[in-house]
Amino acid sequence: MTPFTDTIVAPITAPSGGAIAVVRVSGIRAFEIAQRIFLGFPGKPEPRKALFGTFANGDDGLALPFPHGSSFTGEETVEFSIHGSQASVESLIQACLEAGARLAQPGEFSLRAFMNGKLDLAQAEGIKATVEAITGSQLRQANLLRNGSVTKAISQLSQDLTGVLAAVEASTDFSEEVGELDRPANLARLALIRGEIATLLETQEASLLLRHGRSIALVGLPNAGKSSLFNSLLGVDRAIVTPIPGTTRDTVEETLSIHGVPTKLIDTAGLRESIDLVEKIGVERSLAAAANCDLVWYVYDATLGWTISDEALLAQINRPTTILANKIDLVVQRKDLNGHQISASTGEGMRDLLANLAPPSLDTTTPFLLLRHYDLLREADEAIVEVEETLRAPVPTDLAAIGLRSAIRILGEITGETTPPDVLERIFQDFCIGK
């Protein structure tokens, strides 16, 4: 790819505003632009020493210079800290544009850092994951990705495969000196490599759950206590609760963290036949929510027991479902109740209910992998399987080199060493502006 020759500018703090905003200018003209829009910016600034002064828009703040090679992007860079009002930020960016910069594209700072060797592709994706983190668990796993845990694991796999490839090529090109390839020994090496890949692949369920979260629809007959359960889980009175059946007419959604997993709770209208047009629409939306969520909690009134109507409604739900017997604080005889017993009012049974939502465990050193990484790991594993089949067959040893090179190339797509340009473009376009 061609070198970057223009200078770009964008805010690198959240656009929602705040007391302070930071605007980054990066490229070969960064210092020149800084001199034009920041009063007193020196011709040769001291690296990483903040300067206080006045901007061309009349506001004042700090300029922090980074010489070529020592910035996030690897380019000559200045980061301006300015008051965070929309007017102040926009006028500063406009001054930078008029001085010769152009507005950065989504992910362009990270792309330049990648192209300049300041970070690899997996680490760049870790920046995006860190920015998007909602829960503490997401942040911890994103930090592992950003700090190079995935890179280290993939690099070790590539190094191990390169060792097998070297043995294959040596036995082919220098058979008189090194002799024939020890096929059983190298098959054992490949088995170990595949074992490491399998260990990484086993984290997919937990990693994707932590990253993308889950949705749970609270479904059941009117007045079963769905809204009370919804409010209890949120810790606030988000949904209206009355003794009158059919109070909830529409779906109500809120997201909370359960065991570090972003979980969207959907309170739905009670399911029953109705001639009321608004309630009928609410029931239709409830059925749609049940059909499209990850998990259904079917809530019924334990004081009434499990009814024929509950059985009929449950039969219409084609999603993983947990039956909840609510209002058990009002029930004396509980042994015949169907499902998990809870009380949204007193909290009884709630801890055990939430314990069932705990994701598969991920220790704090397990790399946070993305869906793209898992797909590539499976492709690499398939290539290694072909190598194993070659080494077990009565065919020339050098044929194994084809599959080994393919597996190494595929692994390189994870870290960016062999990633096609069109894939790189798609990855960085998903970043926000300023990252």
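About the criteria used
Residues numbered from 1 in each chain as written. Predicted model: local features only at pLDDT ≥ 70, side-chain atom pairs only at ≥ 80, totals over all residues. Heavy atoms only, no water. Pairing = 2+ DSSP bridges. Helix = DSSP H or I, 4+ residues; strand = E, 2+ residues; numbered from the N terminus. Contact = heavy atoms within 4.5 Å. Axes fitted to C-alpha atoms, helices over the stretch in contact; angles between N-to-C directions. Salt bridge = Lys/Arg side-chain N within 4 Å of Asp/Glu carboxyl O. Buried < 20%, exposed > 50% of the residue type's maximum accessible area, 1.4 Å probe, protein only. Expected span 1.5 Å × (residues − 1). Arc of directions from axis to C-beta. Polar contact = N/O pair within 3.5 Å; in protein donor to acceptor, adjacent residues only side chain to side chain. Core = buried A, V, L, I, M, F, W, Y, C linked by side-chain atoms within 4.5 Å. Patch = residues over 30% accessible without salt bridge, like charges linked within 9 Å, V, L, I, M, F, W, Y side chains within 5 Å. Areas by Shrake-Rupley, 256 points an atom, 1.4 Å probe, with all protein chains shown as cover. Phe/Tyr/Trp six-rings, centres within 6.5 Å; stacked < 30°, edge-to-face > 60°. 1 Å grid on protein atoms, 1.4 Å probe; cavity = no way out; pocket = protein on both sides within 12 Å on 5 of 7 lines; lining within 4 Å. Points joined across faces, edges and corners; volume = space filled by probe spheres on them. Nonpolar A, V, L, I, M, F, W, Y, C, P; charged D, E, K, R; others polar.

### Some details on the sheet that holds strand β4 (residues 60-66)
Line of reasoning, step 1. Taking strand neighbours across the sheet as the criterion, the 6 strands line up as β3-β4-β5-β2-β1-β6 in an open arrangement whose pairing is mixed. With partners counted over all chains shown, the strands left at the sheet margins are β3 (51-54) and β6 (102-103), one partner each.
Line of reasoning, step 2. As judged from the 5 bridges shared by β4 and strand β5 (residues 77-83), these two strands associate in the antiparallel manner. Bridge pairing in β5 places Phe-66 opposite Thr-77.
Line of reasoning, step 3. Along the sheet face, helix α2 (residues 86-98) touches β1 (8-11), β2 (20-26), β5 and β6 and points at about 150° away from the line of β5.

### Observations concerning the pattern of salt bridges
Line of reasoning, step 1. Counting across every chain of the model gives 19 salt bridges.
Line of reasoning, step 2. Residue Arg-112 pairs with Glu-75 through a salt bridge whose shortest N-O separation is 3.1 Å. With Arg-112 in helix α3 (residues 108-115) and Glu-75 in the loop between β4 and β5, the pair connects residues that are 37 residues apart, well separated along the chain. The pair Arg-112 / Glu-75 is uniform in exposure class, with both members buried.
Line of reasoning, step 3. For Arg-194, the salt bridge goes to Glu-388, with nearest N and O atoms at 3.3 Å. Placement of Arg-194 in helix α8 (residues 183-201) and of Glu-388 in helix α14 (residues 371-392) is noted, with a sequence separation of 194 residues between them.

### Re α8
Line of reasoning, step 1. Along its 19 residues, α8 runs 26 Å from first to last C-alpha, staying within 8% of the 27 Å computed at 1.5 Å per residue.
Line of reasoning, step 2. Within α8, the full set of buried residues consists of Arg-183, Asn-186, Leu-187, Leu-190, Ile-193, Ile-197 and Leu-200. For α8, the arc enclosing every buried residue in end-on projection is 125°, short of the 170-degree limit, so these residues lie on one face. Set apart from the buried face of α8 by more than 90 degrees, the exposed residues are Pro-184 and Leu-192.
Line of reasoning, step 3. Buried residues along α8 sit against α6 (149-173), α9 (204-212), α14 and α15 (400-415).
Line of reasoning, step 4. Backbone nitrogen of Ala-185 and a side-chain oxygen of the N-cap are separated by 3.2 Å at the start of α8; the cap is Asp-182.

### Regarding the nonpolar core
Line of reasoning, step 1. Judged by nonpolar contacts, the single largest core of 34 residues is most densely connected at Ile-154, Leu-157, Leu-161, Leu-190, Leu-377, Leu-404 and Leu-411.
Line of reasoning, step 2. Put simply, the parts of the chain that give this core at least two residues each are α6, α8, α14 and α15.
Line of reasoning, step 3. When residues in this core are grouped by element, the largest group, 8 residues, is from α14.
Line of reasoning, step 4. Each residue touching Leu-190, except ones within four places of it in the same chain, is listed here: Leu-161, Val-164, Ile-384, Val-387, Glu-388, Leu-391 and Leu-404.
Line of reasoning, step 5. Counting residues in each nonpolar core, the second largest holds 23 residues, with Val-25, Phe-38, Phe-41 and Ala-95 among its members.

### Looking at a nonpolar patch on the surface
Line of reasoning, step 1. Together, Val-395, Leu-399 and Ile-402 line one region of the surface with nonpolar side chains, adding up to about 250 Å² of accessible area.
Line of reasoning, step 2. Structurally, Ile-402 can be placed in helix α15.
Line of reasoning, step 3. For Ile-402, a relative accessible area of 56% gives the class exposed.

### A closer look at the side chain of Arg-24
Line of reasoning, step 1. Relative to the helices and strands, Arg-24 resides in strand β2.
Line of reasoning, step 2. Within the local environment of Arg-24, its side chain forms a polar contact with the side chain of Glu-79, the two groups lying 3.0 Å apart.
Line of reasoning, step 3. The residues touching Arg-24, leaving out its near neighbours within four places in the chain, are Ile-8, Val-9, Ala-10, Ile-12, Phe-72, Thr-77, Val-78, Glu-79, Phe-109 and Gly-434.

### Re the packing of aromatic side chains
Line of reasoning, step 1. Under the definition given, this model contains 9 aromatic pairs.
Line of reasoning, step 2. These aromatic residues form a ring-pair network of at least three members: Phe-31, Phe-38, Phe-41, Phe-55 and Phe-80.

### Considering the layout of surface pockets
In this approach, a probe sized like a water molecule rolls over the atoms, and the result shows the empty space that is left.
Line of reasoning, step 1. Taken as a whole, the largest pocket encloses approximately 370 Å³ of empty space.
Line of reasoning, step 2. The greatest single-element share of the lining of the largest pocket, amounting to 4 residues, is contributed by α2.
Line of reasoning, step 3. Of the residues in the lining of the largest pocket, the class split is 11 nonpolar, 5 polar and 2 charged.

Note that all results are geometric; they support no functional claim without further evidence.
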